[in-house]
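So the chains spell out like this:
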Amino acid sequence: MIELKNVNMNFRGNQTLKDINLTIEQGEIMVIIGPSGSGKSTLLRMIIGLLKPTSGEVWVNNREITQMPEDELNKIRLEMGMVFQYSALFDSMTVGENVAFGLRQHSDMPEEEIWRTVRRKLRMVGLRGKENAMPNELSGGMKKRVSLARAIAIDPHIVLYDEPTAGLDPIMSNTIDRLIVSTRRMIRATSVVVTHDMSSAFSIADRIAMIYGGSIIEIGTPDVIKQSENPIVAKFIRGATALPESKGRSRA
Ligand SMILES: Nc1ncnc2c1ncn2[C@@H]1O[C@H](COP(=O)(O)OP(=O)(O)OP(=O)(O)O)[C@@H](O)[C@H]1O
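Residues numbered from 1 in each chain as written. Predicted model: local features only at pLDDT ≥ 70, side-chain atom pairs only at ≥ 80, totals over all residues. Heavy atoms only, no water.

Undergrad: Help me get a handle on helix H4 (residues 111-124), residues and values and all.
TA: Under the 1.5 Å per step criterion, the end-to-end length of H4 is 20 Å for 14 residues, consistent within 8% with the ideal 20 Å. For H4, the complete set of buried residues consists of Ile114, Trp115, Thr117, Val118, Lys121, Leu122 and Met124. Looking at the packing, one finds that the buried side of H4 touches helix H3 (95-106), helix H5 (140-152) and helix H6 (170-187). Immediately downstream of H4, the backbone of glycine 126 shows phi near 75°, a positive value. (Helix = DSSP H or I, 4+ residues; strand = E, 2+ residues; numbered from the N terminus. Expected span 1.5 Å × (residues − 1). Buried < 20%, exposed > 50% of the residue type's maximum accessible area, 1.4 Å probe, protein only. Contact = heavy atoms within 4.5 Å.)

As structure tokens, then:
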């Protein structure tokens, strides 16, 4: 479970997050939406302990992480996997070495077991037999899947996804969506997904939280969000092409 309590974040006097209160239940897929610059990535970086809030508390699996010393925080990070926006693979390492990276860093697993785990995780993301490929031989969607295999190699309790479908075609986005849902099922992980992709958000989320100007302005199931009477939410999910103002302008 992840809890943010009265979290505020200021960058050089600008308040990026304002009094955020958010509870993400064990095993839940929480999707965070909102316009560019609204504070979504900041929230994600706070959960993984890369950023400390200016005030407020962040709890991960019933432990407060905001005041934790770095060595203890590193232990908590072992329970988390992160899929970065641009895959962030090590280009000089094979796919298998990339997936093995966290296992080598954080466990005393014997080499043979590391490779068994690597092959199993690659199979889970549909990349059986790709362990000797180099990242630059793979498509963007395949790289994302390697990044997912790496994130779940350590069987994390929490998986954080930063724009997992950005830059992918609809078919590959769909594949990634299904993987996010099946990963939750297979490792019973709590998942937090930051995305701009509304069709992905509606198809994978248990709940969606919309951030606007640093505050959560709406939270609920996909149906609650679709039926929101908050005009900012309604506008955002319909997208710019369907805005009433633009219809008005075209009639003028
Ligand atoms: N380390 C930092 N130092 C200063 N300002 C920062 C820092 N990180 C984020 N910000 C500012 O905080 C605001 C929110 O940024 P954030 O990256 O969280 O937004 P976002 O919603 O994830 O945007 P996008 O959808 O474009 O990725 C922005 O105005 C950004 O410039």
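Undergrad: Please provide a residue-by-residue account of unusual backbone geometry, values included.
TA: Located in the positive-phi region is asparagine 61, a residue other than glycine, with phi close to 45°. One can find asparagine 61 in the loop between strand E4 (55-60) and strand E5 (63-64). Among the residues examined, asparagine 61 registers a relative accessible area of 17% and is labelled buried. Positive phi, normally seen in glycine, also occurs at arginine 188, with a value near 50°. Along the chain, arginine 188 turns up in the loop between H6 and strand E8 (190-194). With a relative accessible area of 63%, arginine 188 lands in the exposed category.

Undergrad: Account for the sheet that holds strand E1 (residues 2-11), naming residues and giving values.
TA: The 4 strands are arranged E2-E1-E4-E5 in an open sheet whose pairing can be described as antiparallel. The sheet is open, and its two borders are formed by strand E2 (14-24) and E5, each paired with just one other strand. Bridge count between E1 and E4: 5 bridges; the pairing is antiparallel. Note on E4: the bridge partner recorded for asparagine 8 is serine 55. Against the sheet, helix H1 (residues 40-47) touches E1, E2 and E4, its axis set at about 120° to E1. (Pairing = 2+ DSSP bridges. Axes fitted to C-alpha atoms, helices over the stretch in contact; angles between N-to-C directions.)

Undergrad: For the packing of H5 against H6, give the residues involved together with the corresponding values.
TA: When two helices pack together, their arrangement is captured by the angle between the axes and the distance separating the axes. In the contact formed by H5 and H6, the axes pass within 10 Å of each other and the chain directions differ by 10°. Taken together, the axes of H5 and H6 lie roughly parallel to each other. On H6, the residues that touch Gly141, Lys144, Arg145, Leu148 and Ile152 of H5 are Met172, Thr175, Ile176, Leu179, Thr183 and Ile187. Looking at the contact of H5 with H6 residue by residue, the class counts come to 6 nonpolar, 3 polar and 2 charged. (Parallel < 35°, antiparallel > 145°, perpendicular 65-115°, else oblique. Nonpolar A, V, L, I, M, F, W, Y, C, P; charged D, E, K, R; others polar.)

Undergrad: Now, about a positive patch on the surface: what can you tell me, with residues and values included?
TA: Together, Arg119, Arg120, Arg123 and Arg128 make up a positively charged patch on the protein surface. As for its position among the elements, arginine 128 is in the loop between H4 and H5. (Patch = residues over 30% accessible without salt bridge, like charges linked within 9 Å, V, L, I, M, F, W, Y side chains within 5 Å. Areas by Shrake-Rupley, 256 points an atom, 1.4 Å probe, with all protein chains shown as cover. Salt bridge = Lys/Arg side-chain N within 4 Å of Asp/Glu carboxyl O. Lys, Arg positive; Asp, Glu negative; His and termini not counted. Charge placed at Lys NZ, Arg CZ, Asp CG, Glu CD.)

Undergrad: Tell me what's going on with the sheet that holds strand E7 (residues 158-162), and back it up with residues and numbers.
TA: Taken in spatial order, the 6 strands of this open sheet run E6-E7-E8-E3-E9-E10, and their pairing is mixed. At either margin of the open sheet sits one strand with a lone partner, and together these are strand E6 (80-83) and strand E10 (215-220). Across the sheet, the mean angle from the axis of one strand to that of its neighbour is 15°, orientation sign disregarded.

Undergrad: Go over the site of the ligand with me, naming the residues and quoting the values.
TA: In the region of the ligand, 13 residues are neighbours, and Ser36, Gly37, Lys40, Ser41 and Thr42 sit closest. Between the ligand and serine 36, the relevant distance is 2.7 Å, taken from an oxygen atom to a side-chain nitrogen or oxygen of the residue. Between glycine 37 and the ligand, the recorded distance is 2.8 Å, taken from a backbone N or O atom to an oxygen atom. In the complex, 63% of the free accessible area of the ligand, which totals 640 Å², lies under the protein chains. Of the residues forming the shell around the ligand, the biggest block, 4 residues, is contributed by H1. The residue makeup of the shell around the ligand, split by class, is 2 nonpolar, 8 polar and 3 charged. (Near = heavy atom within 4 Å. Polar contact = N/O pair within 3.5 Å; in protein donor to acceptor, adjacent residues only side chain to side chain.)

Undergrad: Now, about the environment of lysine 18: what can you tell me, with residues and values included?
TA: Relative to the helices and strands, lysine 18 resides in strand E2. By relative accessible area, which is 34% here, lysine 18 ends up partly exposed. In this structure, the C-alpha to C-alpha distance between lysine 18 and glycine 39, residues 21 residues apart in sequence, is 9.6 Å. The residues contacting lysine 18, other than those within four sequence positions of it, are Val7, Asn8, Gly213, Gly214 and Ser215.

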